[in-house]
Amino acid sequence: MPAPKRKPQATATADPQPAPVRVVHRAAEAQAQILAAVDELFYREGARAVGVDAVVKRAGVNKMSLYRQFESKDALLLHYLAGREQKFWAYFEASLAKHPGQPREQLLQFFIDLSARASQHDYRGCPFVNFAVEFPDPAHPARLAVAANKSRLIARLQELARHTEAADAEALANGLALLIEGAYAASQTYTPGHALIKALPQVAKCMLDAACGPPTESPP
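Since we're looking at a predicted model, the values are computed, not measured. (Residues numbered from 1 in each chain as written. Predicted model: local features only at pLDDT ≥ 70, side-chain atom pairs only at ≥ 80, totals over all residues. Heavy atoms only, no water.)

### A closer look at the packing of helix H5 (residues 103-118) against helix H10 (residues 200-212)
Running from N to C, H5 and H10 cross one another at 160°; their axes reach a closest spacing of 8 Å. By the criterion of interaxial angle, the relationship of H5 to H10 is roughly antiparallel. Crossing angle aside, the handedness with which H5 passes H10 is right-handed. Contacts between H5 and H10 involve Arg104, Leu107, Leu108, Phe111, Ile112, Leu114 and Ser115 from the first element and Leu200, Pro201, Ala204, Lys205, Leu208, Asp209 and Cys212 from the second. (Axes fitted to C-alpha atoms, helices over the stretch in contact; angles between N-to-C directions. Helix = DSSP H or I, 4+ residues; strand = E, 2+ residues; numbered from the N terminus. Parallel < 35°, antiparallel > 145°, perpendicular 65-115°, else oblique. Left-handed = near helix turned anticlockwise from the far one by under 90°. Contact = heavy atoms within 4.5 Å.)

### With respect to the environment of Val133
Tracing the backbone shows Val133 in helix H6 (residues 127-134). Exposure remark for Val133: the relative accessible area of 66% places this residue in the exposed category. Through-space distance from the C-alpha of Val133 to that of Gly46 is 10.0 Å; in sequence the pair is 87 residues apart. (Buried < 20%, exposed > 50% of the residue type's maximum accessible area, 1.4 Å probe, protein only.)

### Quick look at the packing of aromatic side chains
Scanning all chains against the criterion turns up nine aromatic pairs. For the ring pair Trp89 and Phe92, a centre distance of 5.2 Å and an interplane angle of 65° mean the geometry is edge-to-face. Of this pair, Trp89 and Phe92 are both found in helix H4 (residues 73-97), three residues apart, which corresponds to roughly one turn of the helix. Arranged with centres 5.5 Å apart and planes meeting at 80°, the rings of Phe110 and Phe111 form a pair that is edge-to-face. Look at Phe110 and you get buried, because its relative accessible area is 1%. Taken together, Phe88, Trp89, Phe92, Phe110 and Phe111 form an aromatic cluster joined through their ring pairs. In this structure, Arg84 packs its charged tip against the face of Tyr43, placed 4.1 Å from the ring centre. Arg117 extends its terminal NZ or CZ atom over the ring of Tyr91, reaching a point 4.2 Å from the ring centre. (Phe/Tyr/Trp six-rings, centres within 6.5 Å; stacked < 30°, edge-to-face > 60°. Lys NZ or Arg CZ within 6 Å of the ring centre and 35° of its normal.)

Distances and angles like these do not, on their own, reveal function.
Structure, rendered in structure tokens:
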């Protein structure tokens, strides 16, 4: 009698694994939502006034998602400032790009554009100045980020001033830096669009004329 045929054994298949690409995609989405919420809330209301609960509610995520991406609120602060740093230099370089190779006109254009931004109703001043007020300890990581931003700004102003015809480029850069900081403060103490903010380009022009002499007209 022939031996009974054995049924072929089913080949074991591994459990399907979740697609790692999708996991990474979801993490990136959560991080982007959190940073967008932080950018809005910290700038509008201040970092100390905004808690983690407000951030996750605005971002539409849970606390676990937040702490997977950022180990602490201080980490959120630094990511926020890094984003604001990028925005500031994008503004700055966009102004300069309107007058290639003309440092005097580039500096003046920055103040024209700053006056327009500072006149908007939702303008809350310089985020770095705001953080300097909120965090009195100069050794706090946020304050170190503020100091780094301001150091880069004065260095860029000095570089541009050296390419103008200013008799004292360093004095010009220092004066323009003070004018910028004053504009940030005035934008919050005066009403939006106040004449004082509108006068910013004219004040900058007077400083440039005093430092460099009246602009010479290009030949036709």
